[in-house]
Amino acid sequence: MNNLLVADSVSKNFGNFKALNEVSIAVPKGSIFGLLGPNGAGKTTLIRIINQITMPDSGTVNLDGQILKPEHVKDIGYLPEERGLYKSMKVGEQALYLAQLKGMSKSEAKKRLKYWFDKLEIGDWWNKKIQELSKGQAQKIQFVVTVLHRPKLLIFDEPFSGFDPINANLIKDEILQLRDEGATVIFSTHRMESVEELCDHIALIHKSNKILDGKLNDIKRQYKTNTFEVGLQSNNSDMVVNQIKERFKVLPATFRNLNDDIKLNVKIDENTSSNDLLTFLASKAEVHHFVEVIPTANDIFIQTVKNN
Amino acid sequence: MNHLPLIIKREYLTKVKNKSFIIMTFLSPLIMIALIAVVAYLSQLNNDKLRTISILDETGFLDGVFKNTDNTTYSDLSNMGLNLKDAITLVKKKEDYGLLHIAKVNELEAVSKNIKFYSEDSPSLTIISSLERKIEKRLREMKLQNDGVTLEQIEASKTYVNIAQESFEGEKTSKIDNVIKLAFGGIAGYLLFMFIIIYGNMIMRSVIEEKTSRIIEVIISSVKPVQLMLGKIVGTSLAGVTQFAIWVILGGVLMVVVSAIFGIDLSQASTPQQELMNQAMQAEGAQAMVENVITAIGNLPMLNLVFAFIFFFIGGYLLYSSLYAAIGAAVDNETDTQQFMLPILMPLILAVYVGVFTVIEDPHGTVSTVFSFIPFTSPVVMLMRIPFGVPLWQQGISLLLLIGTFLFAVWFAAKIYRVGILMYGKKPTYKEIFKWLKY
């Protein structure tokens, strides 16, 4: 059993609106799984089903080989996108309350809280009320509360919103560390650069259907277009460009480069290797820049959503 | 996992530790007592004012009728040989309260039609009626004496009747009994009504707070919405009971302290109406009155009353508060609650009206009986009826209906709650809420 969470053809209707249509995902143990999709695609509904907030109309969800049941609440830590804390409650009291709701004993929760508060250097907030904290500070508390009970499965919905770059980085490192310690993470976001940075696997949901999933690298391989970014320097630029255009398909390029050279995106066909292209280019001009264009998560997202 | 105790504890502590809750708890009885004390003090001031009423009796029939009391002095101008005009001038100059003029007539019969009261301002109702009663008594006696009846005979003929009532089963009641029963039933019903409105609203606000602070999704990823809702209702109710208890105790203590310090007898914060009633009671015999009240209270089905109060109070309160919780879940902010409040308040207000107007008239009539079975009105109406003696089987059926409806209401509220707490943004319509039931 290598998957921690398996959702099998999960469907959910709200009245006449189909929020999820036979969606299946498998989240491997110890991975960071990106759950992507445009607004209103059904991500939140799926996450709520995993959290047993909403019940699916059909389909099953398994956690660690068992059908999801109420006791699993303590195995899951959920940071929803719509999140907040009781404004007039003190930080410590509130964290203890939420931890106890997750099934921790009071003393255990206290110990763990102390560890986390020390780690994030927020120990002196214990007796402050949430309304006295800034939004970013409250988010930190919220993060601690989510991970405090050491859940097997962590679900983060837009975890970095509201954080400045420094704190976002801090939280990112914490997430990676939790993963290294054995936790499995489902990560939902619209910020593709963090998907790029963190995710091993992704699934893309669009209009209630899953339209793409797999290892991020596999998907990238699938989506690559055999295009190379090329930066050349030559005294006779026009001639060189024309010569290249005769043999290859050339597109305008927009990458950043220090010199004021010829910038091109060159697409090769399946029978040509990258070495062939490089040799050809080297014979015509001086090559300053030669990189294969790897589709970004952003490109894949936009392309897949548009095609569906 | 059962988190109910934990949730109840949090809800209770948050409510009780809340600053405005604490302030309200301790300030309300102070304000109430201060208000009562001021009213009592003012009316006492009014009572203590000495009045002088001048009498110009040209007939001589009413000699000796008017005797000075603590705050009213009668000054008889009859023997000073003044005419009405001079008398009025004199009274004005003396700044007396007023002048009672009995015009000269020959026939005893005609006296009653020729009595007038002159005063600067319109005189108080109490004073006029007290004067009237004194004159009536004297004239009646004189008429009887003219017919040859002696004063002793008149005195001996005075009879007071108080019809003793007894049901076929041998249960004794009286007129005062009914008043006492009404008072008990009325207080119980009104208490429930107030409790529902005050603490139902509190529950609603606390649900809305969870929505606006966006904590709700975090919470319900750990606990079932029904648990959260029930925890909220119970926790808030306990806070309410605490507040009520403090109010009663503090109010009682303050009442004693204030009346001791200022020497104001708060229980006799008398209004003219009360005075009239007191006088009427005196006519009936104050002694008998007190005895009747005591027996009337003794006659009440106390055990039944206490248990019925507990069960109907809890049942009715929980029924309404689960609906309040559902409203809180359906909307985003308090201003949006208006359109949903009306359907809740209507039966509640109806219950109080039925209780006040119908139960008094006929506690076992069709209207009262029917409304004491309808679950939304039964807690208030039944509580008002019970002091008049309601068969246990009726109470039982009514209670069962109430519990059944309560369970249904919790199911209904939980459905709305479960969906509603995750809905943000727009105010839902009734149609949408109906759809939520099927989610």
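Since the structure is predicted, the reported quantities are computational estimates derived from the model, not experimental observations.

The rules behind each value
Residues numbered from 1 in each chain as written. Chains lettered and ligands numbered in written order. Predicted model: local features only at pLDDT ≥ 70, side-chain atom pairs only at ≥ 80, totals over all residues. Helix = DSSP H or I, 4+ residues; strand = E, 2+ residues; numbered from the N terminus. Rg over C-alpha atoms; globule rule 2.2 N^0.38 Å. Buried ≥ 20, exposed ≤ 12 C-beta atoms within 10 Å, placed from the backbone. Contact = placed C-beta atoms within 7 Å. pLDDT = per-residue confidence, 0-100. Nonpolar A, V, L, I, M, F, W, Y, C, P; charged D, E, K, R; others polar. Domains from an automatic or database assignment. Pairing = 2+ DSSP bridges.

**Comments concerning the overall build of chain A**
Inference 1: On a plain count of helices and strands, chain A comes out with ten helices and 14 strands.
Inference 2: The C-alpha atoms of chain A give 24 Å as radius of gyration, which overshoots the globular expectation for 308 residues (19 Å, by more than 25%).
Inference 3: Here the C-alpha coordinates of chain A stretch approximately 75 × 45 × 35 Å along the principal axes.
Inference 4: Relative to its 308 residues, chain A shows a buried fraction of 37%.
Inference 5: For chain A, contacts bridging at least 24 residues in sequence account for 72% of all contacts bridging at least 6.

**Here's the deal with the confidence of the model for chain B**
Residues and elements named next belong to chain B.
Inference 1: Per-residue confidence for chain B gives a mean pLDDT of 81; residues scoring 70 or more make up 89%.
Inference 2: Across chain B, the secondary-structure element scoring lowest on mean pLDDT is helix α10 (residues 272–284), at 51, and the one scoring highest is helix α1 (residues 4–17), at 92.
Inference 3: Overall, residues 268–273 carries pLDDT values under 50, and its contacts beyond four positions in sequence, including any with other chains, amount to ten contacts.

**A look at the interface of chain B and chain A**
Inference 1: Taken together, the contacts link 18 residues of chain B with 21 residues of chain A.
Inference 2: Secondary structure elements with two or more residues in the side of chain B that touches chain A: α1 and α8 (216–220) of chain B.
Inference 3: Here the element with the most residues in the side of chain B that touches chain A is α8 of chain B; it accounts for four residues.
Inference 4: Looking at the side of chain B that touches chain A residue by residue, the class counts come to nine nonpolar, five polar and four charged.

**Quick look at the domain arrangement of chain B**
Inference 1: Its domain assignment divides chain B into domain 1 (4–32 + 174–261 + 301–436) and domain 2 (47–157).
Inference 2: Between domain 1 of chain B and domain 2 of chain B, the C-alpha centre-to-centre distance is 57 Å.

**With respect to the sheet that holds strand β4 (residues 58–63) of chain A**
All names here are of chain A.
Inference 1: The strand order across the open sheet formed by four strands is β2-β1-β4-β5, and the pairing between neighbours is antiparallel. Looking at strand neighbours, the two that pair on one side only are β2 (17–28) and β5 (66–67), the edges of this open sheet.
Inference 2: Pairing geometry for strand β1 (residues 3–14) and β2, over eight bridges, is antiparallel. Note that in β2 the partner of Lys 12 across the bridge is Leu 20.

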